[in-house]
Structures are given as C-alpha cells and as structure tokens.
Amino acid sequence: MAGPAAIQYRIDRRSGVATYLQIVQQTKQALRLGLLEPGDRLPAAREVVEATAINPNTVLKAYRELEREGLAEGRRGLGTFVTRTLGGAAAADDGPLRAELAEWARRARAAGLEKDDVSALFTAVLDRTFEGDQPG
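Let me sum up the structure you'll find in this document.

Definitions and cut-offs
Residues numbered from 1 in each chain as written. Predicted model: local features only at pLDDT ≥ 70, side-chain atom pairs only at ≥ 80, totals over all residues. Heavy atoms only, no water. Helix = DSSP H or I, 4+ residues; strand = E, 2+ residues; numbered from the N terminus. Buried < 20%, exposed > 50% of the residue type's maximum accessible area, 1.4 Å probe, protein only. Contact = heavy atoms within 4.5 Å. Core = buried A, V, L, I, M, F, W, Y, C linked by side-chain atoms within 4.5 Å. Pairing = 2+ DSSP bridges. Patch = residues over 30% accessible without salt bridge, like charges linked within 9 Å, V, L, I, M, F, W, Y side chains within 5 Å. Areas by Shrake-Rupley, 256 points an atom, 1.4 Å probe, with all protein chains shown as cover. Salt bridge = Lys/Arg side-chain N within 4 Å of Asp/Glu carboxyl O. Polar contact = N/O pair within 3.5 Å; in protein donor to acceptor, adjacent residues only side chain to side chain.

**Quick notes on the overall build of the protein**
For the protein, the count of helices and strands is six helices and two strands. Counting from the amino terminus, the protein carries its helices and strands in the arrangement α-α-α-β-β-α-α-α. Taking all 136 residues of the protein together, 24% fall into the buried category. Looking at the protein alone, contacts between residues at least 24 apart form 57% of all its contacts between residues at least 6 apart.

See below:
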C-alpha cells in the first residue's frame, strides 16, 4: 500500500499526556481501526512538525518507540513504515458496534455530557468490563 499515510496527528497540550505518547497512541488507534496497514508510510517528521508545531525530536522519539514495539520500521532516506497491524477480526467487522457506540455518544452529548465526561465514563466502564482480562 505504501501510499500517503492515512493519519493526521492531533496534539492536545492540555491532556497531561506526553506529546510523543500522543503520537504513539494515535498511531496505535489507526492500526486498530485499519486506517494504517503494513507498508503504509507514516508522515515524515517535517510534515508532523508543520501540522502540529511540535519539536522534530518529539516526532522522532515517537517513531523510535513505535519501532521498539515492532509496529514500524525506519528506512534510511525513505521514511518510517508500518510493519504490522493491531487490528483483529473486530476491526474488520465493527460496523454494528461502531453504530451503537456512535448513537450512545450522541445520546450522552444530548444529555449534556462534555467530551471529557464521556471519555471518563467510557473508560470506567471499559476498565470494569475487562478487569479480569489483564495478563500477569
């Protein structure tokens, strides 16, 4: 596939999450959703810097972390490329679940919840649902 990357990073400076980790997390989310696939090139550091006004070293740190985790590979003079996906069968067949979740999110917004409130509520429910599933 190796075409232009299907990802645009959005940095939230108020989130309390390190900027490089936001890039790593957003890349992983794109992999889970099938927006990025093996062979796709991640945006060049220069492109990310222009779009987000962050330090080039921050982008490179994020890409090194993705390489360390085996999700990407830097190719000298060519860029950084996705080497594997995180999407499973659920990512390929998420239509009905996505629609239900989107409807739930619309109801939560209509009920007056802010985005951070919805995120906190969803995370709490998710954590409780998957509580016993953690290895270790």
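**Some thoughts on the nonpolar core**
In terms of nonpolar packing, the biggest core is built from 19 residues, with Ile23, Leu42 and Tyr63 touching the most fellow members. If you list the elements that add at least two residues to this core, you get helix H1 (19-32), helix H2 (45-52) and helix H3 (56-68). Ignoring sequence-local partners within four residues, the contact set of Ile23 consists of Tyr9, Ile11, Val48, Ile54, Val59, Ala62 and Tyr63.

**Thoughts on the pairing of strand E2 (residues 79-82)**
Across four bridges, strand E1 (residues 72-75) lies against E2 in antiparallel orientation. Bridge pairing links Gly74 to Thr80 in E2. Joining the antiparallel neighbours E1 and E2 is a turn of three residues, in which Gly77 adopts a positive phi near 80 degrees.

**Some thoughts on a nonpolar patch on the surface**
Residues Leu101, Phe122, Leu126 and Phe130 make up a contiguous nonpolar surface patch of about 340 Å² in total accessible area. By the element assignment, Leu126 lies in helix H6 (residues 115-129). By relative accessible area, Leu126 is classed as partly exposed at 34%.

**Structural notes on the side chain of Thr27**
Here Thr27 shows up in helix H1. Residue classification places Thr27 among the buried positions, given a relative accessible area of 2%. Looking at Thr27, its side chain comes within polar contact range of the side chain of Tyr9, at 2.7 Å. Ignoring any residue separated from it by four or fewer positions in sequence, one finds Thr27 in contact with Ile7, Tyr9, Leu36, Leu42 and Leu66.

**Remarks on the pattern of salt bridges**
Counted according to the given criterion, the structure contains six salt bridges. The salt bridge involving Asp12 is made with Arg14; its shortest N-O contact spans 3.8 Å. Owing to a relative accessible area of 32%, Asp12 belongs among the partly exposed residues under this scheme. You can call Arg14 exposed: its relative accessible area is 78%.

Spatial relationships are all this shows, so hold off on functional conclusions.
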